[in-house]
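Tertiary structure, described
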Amino acid sequence: MINKQQILVKRPVGMPGADTWELRESPVPELKDGEVLIKNHYVSLDPAMRGWMNDTRSYIPPVQIGEVMRAGTVGEVVAVNNHPKYKVGDVLTGWGGVQQYTVTNGDNYYAVDTSLVPMPTYIGTLGMPGMTAYFGILEVGKIKEGEVVLVSGAAGAVGSVVGQIAKIKGCTVVGIAGGPEKCKYVVDELGFDACIDYKNENVHAGIKQHCPKGIDVYFDNVGGDILDAALARLRMHARVVICGAISQYNNKENVKGPSNYLSLLVNRATMQGMVVMDYAKNYREAAMQMGMWMMEGKLKSKEDVYDGIENFRETFMRLFTGEKKGKLVLKVLEE
Ligand SMILES: NC(=O)c1ccc[n+]([C@@H]2O[C@H](COP(=O)([O-])OP(=O)(O)OC[C@H]3O[C@@H](n4cnc5c(N)ncnc54)[C@H](OP(=O)(O)O)[C@@H]3O)[C@@H](O)[C@H]2O)c1
């Protein structure tokens, strides 16, 4: 059995080029005692993968040159050698990497039930991005009914869930997204109260218009100028959740820091970073709650699925061009 894998061969500076990864084929190794073979159907493409390519200190070690590119996956167990927990036919999600088959002892994998939602949802709303949204807005943002919440990256995997949870909790929710089509989707389909098109509108003016009394919680997925614009409109005791800064990930220069940070002082506000993995012990509880909201029709999940491990780089780049809606997923083997 042949495994196709995307191997990191060069650390990119700026946008990852065509020479960043190499598609390699190698035989699937024999299973040792206690191992399972997973056929990966879907690979999660996440902005964080860009950070994992840099040789810098972070919350997890970087991917090494010559290694399979790290990524979340969901797939089916197709062979087992004496595993205590998993059997052939189980569907597991975990860190399988950008490859068609993964051999693992099953540590850090979770079994999922595909009779409830389709497989890709387990790497989207019921997977890492959904968990980020849930704990980010509830535990770090500490939203309360009636508050005004501003979310950047609003049409994306994390932002779309953040805004919907804030609506469920009775907040006024304003999104920021790129382009009129995405903004329409955020308001008409996801139920946000308004959405600012940062590619065609003045973000400062948009925030002033849609959050006339200011912002109680800003959930930041993009950093840069949009973070600065949000800081300028904070209310007293506001919370700023630093989830990500995608506008800065491919910078060749230093990350652009917020010049309006004294708004935190004036408004006795807080700005707090979060890493989803810190909440791992509570994922099950969050998944149950979000699954319930999905069944009740209160939470919509959208995955944008592209085909073929050969198309990994082109598909990954959609995270930075914005040419996708919802959670970006790569299908690497048919179900
Ligand atoms: N802290 C954590 O534990 C954690 C966990 C998961 C994700 N994150 C972070 O959360 C953020 C969102 O992740 P995601 O998986 O939900 O990605 P996503 O929003 O589904 O995809 C990325 C989106 O970012 C937008 N974007 C790209 N370049 C931009 C720029 N220069 N300025 C403004 N927007 C830009 C694009 O949307 P538009 O078309 O709207 O431009 C694109 O669709 C990322 O920063 C990610 O690193 C953090």
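Below you will find a few notes about this structure. (Residues numbered from 1 in each chain as written. Predicted model: local features only at pLDDT ≥ 70, side-chain atom pairs only at ≥ 80, totals over all residues. Heavy atoms only, no water.)

Here we look at the site of the ligand
Contacts to the ligand come from 26 residues, most closely from Val158, Lys182, Tyr198, Tyr249 and Lys324. A distance of 2.8 Å separates an oxygen atom of the ligand from a polar atom in the backbone of Val276. A distance of 2.7 Å is found between an oxygen atom of the ligand and a side-chain nitrogen or oxygen belonging to Lys324. Taken by itself the ligand offers 910 Å² of open surface, and the protein chains cover 90% of this. Contributions of two or more residues to the shell around the ligand are made by helix H2 (128-140), helix H3 (157-168) and helix H10 (318-321). For the shell around the ligand, the per-class residue count stands at 16 nonpolar, eight polar and two charged. (Near = heavy atom within 4 Å. Polar contact = N/O pair within 3.5 Å; in protein donor to acceptor, adjacent residues only side chain to side chain. Areas by Shrake-Rupley, 256 points an atom, 1.4 Å probe, with all protein chains shown as cover. Helix = DSSP H or I, 4+ residues; strand = E, 2+ residues; numbered from the N terminus. Nonpolar A, V, L, I, M, F, W, Y, C, P; charged D, E, K, R; others polar.)

Section: the packing of helix H5 (residues 203-210) against helix H6 (residues 224-231)
Packed helices, taken two at a time, are described by the angle their axes make and the gap between the axes. At a closest axis distance of 9 Å, the pairing of H5 and H6 adopts a crossing angle of 35 degrees. Seen from above, H5 lies across H6 with right-handed handedness. Between H5 and H6, the contacting residues are Val203, His204 and Ile207 on the first element and Ile226, Ala229 and Ala230 on the second. Across the contact of H5 with H6, the residue classes tally to five nonpolar, one polar and no charged. (Axes fitted to C-alpha atoms, helices over the stretch in contact; angles between N-to-C directions. Left-handed = near helix turned anticlockwise from the far one by under 90°. Contact = heavy atoms within 4.5 Å.)

Describing unusual backbone geometry
Despite not being glycine, Asn82 shows a phi value in the positive range, around 60 degrees. Within the secondary structure, Asn82 is located in the loop between strand S4 (73-81) and strand S5 (91-94).

A few points about the pairing of strand S15 (residues 327-331)
In terms of burial, S15 is a largely internal element, five of the five residues being buried. On S15, burial covers both faces: Lys327, Val329 and Lys331 on one face and Leu328 and Leu330 on the other are all buried. Pairing analysis gives three bridges linking strand S3 (residues 35-44) to S15, with the strands arranged antiparallel. The residue bridging Ser44 from the neighbouring strand is Val329, located in S15. Pairing analysis gives five bridges linking strand S14 (residues 303-307) to S15, with the strands arranged parallel. Bridging from a neighbouring strand, Tyr306 pairs with Leu330 of S15. (Buried < 20%, exposed > 50% of the residue type's maximum accessible area, 1.4 Å probe, protein only. Pairing = 2+ DSSP bridges.)

Description of a nonpolar patch on the surface
A cluster of nonpolar side chains, namely Tyr261, Leu262, Leu265 and Val266, defines an oily patch on the protein surface of about 430 Å² accessible area. Tracing the sequence through the fold places Tyr261 in the loop between strand S12 (234-242) and helix H7 (262-266). (Patch = residues over 30% accessible without salt bridge, like charges linked within 9 Å, V, L, I, M, F, W, Y side chains within 5 Å. Salt bridge = Lys/Arg side-chain N within 4 Å of Asp/Glu carboxyl O.)

Examining the side chain of Asp197
Tracing the sequence through the fold places Asp197 in strand S10 (residues 194-197). No salt bridge is formed by the buried Asp197. Its closest oppositely charged neighbour is Lys199, at 7.2 Å. One polar contact links the side chain of Asp197 to the main-chain amide nitrogen of Lys199, over a distance of 3.0 Å. Among the polar contacts made by the side chain of Asp197, one reaches the side chain of Asn200 at a distance of 2.6 Å. Residues contacting Asp197, with those up to four places away along its chain left out, are Ala177, Gly178, Gly179, Pro180 and Cys183. (Lys, Arg positive; Asp, Glu negative; His and termini not counted.)

Some points on the environment of His204
Examined against the element boundaries, His204 turns out to sit in helix H5. Spatially, the C-alpha atom of His204 lies 27 Å from that of Ala48, the residues being 156 residues apart in sequence.

Let's talk about the packing of aromatic side chains
Think of a pair of aromatic rings as described by two things: how far the centres are apart, and how the planes are tilted against each other in angle. Within this structure, the stated rule accounts for nine aromatic pairs. Seen in terms of ring centroids, Tyr134 and Phe135 are 5.1 Å apart; in terms of plane orientation they differ by 75 degrees. Their pairing is edge-to-face. Residue classification places Tyr134 among the buried residues on the basis of a relative accessible area of 9%. A centroid spacing of 4.9 Å and a plane angle of 10 degrees characterise the contact between Phe135 and Tyr279, whose relative ring orientation is stacked. Linking Phe135 in helix H2 with Tyr279 in the loop between strand S13 (270-273) and helix H8 (283-295), this pair joins segments that are 144 residues apart in sequence. Across the pair, Tyr279 and Phe135 agree in class, each one buried. One aromatic cluster in this structure is built from Tyr134, Phe135, Tyr279, Tyr283 and Trp293. Here the basic side chain of Arg70 rests over the ring of Trp52, its NZ or CZ set 5.2 Å away from the ring centre. (Phe/Tyr/Trp six-rings, centres within 6.5 Å; stacked < 30°, edge-to-face > 60°. Lys NZ or Arg CZ within 6 Å of the ring centre and 35° of its normal.)

Remarks on H6
A large share of H6 lies buried, amounting to seven of its eight residues. Three or more residues of H6 are buried, namely Gly224, Ile226, Leu227, Asp228, Ala229, Ala230 and Leu231.

Concerning the environment of Val151
Examined against the element boundaries, Val151 turns out to sit in strand S8 (residues 148-152). Overall, Val151 belongs to the buried group, its relative accessible area being 0%. Put simply, Val151 and Asn221 are 70 residues apart on the chain and 7.6 Å apart in space, counted from C-alpha to C-alpha. Sequence-distant contacts of Val151, that is, excluding residues within four places in its chain, are made with Gly159, Val162, Gly163, Val173, Val174, Gly175, Ile176, Phe219 and Asn221.

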